[in-house]
Structure formats: C-alpha cells, structure tokens
Amino acid sequence: MFSQIRKMSTAKSFKIALVQMTVGKDKNKNLENAVRFIRKAADNGASLIVLPECFNCPYGTKYFREYSEEIGSGITSKTLSNVAKEKEIFLVGGSIPELDNDKVYNAATVWNPQGELIAKHRKVHLFDIAIPGGITFKESDVLSPGNSFSMFNNGICNIGLGICYDMRFPELAQVYRKKGCDLLIYPGAFNMTTGPLHWELLVRSRANDNQVYVAACSPAQDKNSDYIAWGHSTVVDPWANILATSQFEETIVYADIDLNTLNKVRDQIPTGKQKRYDLYDVTAKL
C-alpha cells in the first residue's frame, strides 16, 4: 500500500522515537503501556513514533490467531488512531496479528496526525528457521505472507516498511531506495540467538547498502516470556553510524533524521548513480 501524502513542509529534519516496551499476555495492558510511551515520546518532540513487532500480544505461533483482530475496526486500530490524532504525530503501530478472511498476517499499520490509516505492511518473509542448539520457529504454521511493498510520506521524506525477518532480504531495501525512500523502518523481535549475531549487522548493512536511515524497534526483554527478545532498538544513519541504541530494558530511543546528512553521503559516495543497471537490476511487482 502506497500512501499519496503530499509534502507538507520544507523541513529537512525531524525526530523519530522507537518505543522499546515490555509485552505481556494482557492485550489491554499492552495497549495502555504503548499509549503511555507514545504520549511521552510526543511530549519530548518526536513527530514520528514507532512501536515494536507484536506489541499488543506475546510473540509466538500459539498466540497469533488468539490475539488477531481486523485492522481498522479492532481495538488496537482504534487505540492507535486516537493517540496519533491526540498527539498529532505519525505513528507506526509496530505490528499485530491481523485477521482477514480467516487468514492471519503479521501486519504493521501507519497512522497520520489526523488519526487516519495511511499505510499497512504485511510481513513479506515469514520467520521459518531451525538452528541446532539455538532456536526453531515456524511462523508459516499460522501466518500468511504479505505480497507487497509499503511506503508512506510524513511530509518530509518517503519511508519504507519491513517487519523483522524482512530485514534479512536486501532486495526489499534496494527497491525502497530505488522508489525514493530516505528512511526504512523495521519493527522486529530478534531472539537471543540471532540478535547478538545479526541485529546490529543487518541494521547497519541495510543503511550502508542503500545510503538511507534505518530504524529497528524491538520489544524490551522479558526473561519470563516464551520468546525472549534481544531488544537493542537502534537508529542508524546513511554512513552506517549508530545514532542511538538501547539494551534490554523498557525505554524510548530518540534520533534526528536529517536529510542534509543523507544528501552529503550520497554526494560524496554516489553509489546510487554508479549502479550498473546495464548488467543487473532489482525489480518488483508493485
């Protein structure tokens, strides 16, 4: 889904906030916690706020269908719409299990300052892995994959969306860059096996590969959970410098997204203009 939002200002920078919150089994408490953090981040000057993957329910195949709801009419959508309008912000609603015609998707929503739904991204690449001595997980036992790219504009730049495992596929990010995105956002919940190995590596790689800002937002770590998240919500600039990050605890990560910095990087190392499209190209069904 591509939102057709026109540019609303001549500003070249804005503050982003990543909400690294604890997620439990009580959906209402999760929503209350999210709203509390969103209000705090907005009061601290963030105009774009991001929640983590599966922020309204525990992450796990046995929970997805139980907690699923329709986007637009469900309690989570109404809550996000109301708080986005109240604080006049752009809000990326992490992801939730979306119910649609008896299928369940892992879906992220985006709400504008008027509380309107302007984009939705269904996780394209499902997390089906088996690491001996590490972790085995199969989202496809319950979830269906999305089949589209998702972009929106916050009045300053174009922003591309992915969810967690989508981060491992560089082609997705390459298409977003080709389509004019300056920031990529990945709500995600890496675990204690893959997180230490690959979370920072992938965030910095996607930024460096495409000369874009990348923001990855995780739940806080809960050692009593069935699935223990790595945390470490992080914002990286187009140089692949870490602008802001966290560890395991509940917190808000803030960073400034500055398009002047982005343009300097692209001017100094103009890989976007040097690609050999006569030899290779990345295309997508949009």
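Residues numbered from 1 in each chain as written. Predicted model: local features only at pLDDT ≥ 70, side-chain atom pairs only at ≥ 80, totals over all residues. Heavy atoms only, no water.

J.: When you look at the UniProt feature "domain: CN hydrolase" (unreviewed entry) in the protein in this model, what are you seeing that I'm missing?
T.: UniProt's entry tags residues 14-259 with the feature "domain: CN hydrolase" (unreviewed entry), counted in the numbering of this structure. Along residues 14-259, the helical share is 26% and the strand share 30%, with 9 Å between the first and last C-alpha atoms. (UniProt positions renumbered as here; feature names shortened; annotations may be inferred. Helix = DSSP H or I, 4+ residues; strand = E, 2+ residues; numbered from the N terminus.)

J.: Mind showing me how you'd approach the pairing of strand β6 (residues 117-122) here?
T.: Residues in a regular strand project their side chains so that they alternate between the two faces of the sheet. In terms of residue burial, β6 counts as a mostly covered element, since 5 of its 6 residues are buried. As paired elements, strand β5 (residues 103-111) and β6 share 5 bridges and run antiparallel to each other. Bridged to Ala 107 within β6 is Arg 122. (Buried < 20%, exposed > 50% of the residue type's maximum accessible area, 1.4 Å probe, protein only. Pairing = 2+ DSSP bridges.)

J.: What's the story with the environment of Thr 79 in this structure? I'm lost.
T.: With respect to the element layout, Thr 79 can be found in helix α3 (residues 75-87). In sequence terms Thr 79 and Phe 149 are 70 residues apart; their C-alpha atoms lie 25 Å from each other.

J.: Would you explain the packing of aromatic side chains in this entry?
T.: For any pair of aromatic rings, the description consists of the separation of the ring centres together with the inter-plane angle of the planes. All chains considered together, the criterion is met by 11 aromatic pairs. Summarising the aromatic geometry, the rings of Tyr 59 and Phe 64 are spaced 5.5 Å apart at their centres and angled 70° between planes, so their arrangement reads as edge-to-face. Each member of the pair Tyr 59 and Phe 64 is classed as buried. Here the aromatic rings of Tyr 63 and Tyr 67 are separated by 6.1 Å at their centres, their planes lie at 70°, and the arrangement is edge-to-face. Here Tyr 63 and its partner Tyr 67 are both found in helix α2 (residues 61-67), 4 residues apart, which amounts to about one turn of the helix. A single burial state applies to Tyr 63 and to Tyr 67, both of which are buried. An aromatic cluster of three or more residues is present, and its members are Tyr 59, Phe 64, Phe 127, Phe 137, Tyr 165, Phe 169 and Tyr 227. Between the NZ or CZ atom of Arg 36 and the centre of the ring of Phe 37, over which it lies, the distance is 4.5 Å. (Phe/Tyr/Trp six-rings, centres within 6.5 Å; stacked < 30°, edge-to-face > 60°. Lys NZ or Arg CZ within 6 Å of the ring centre and 35° of its normal.)

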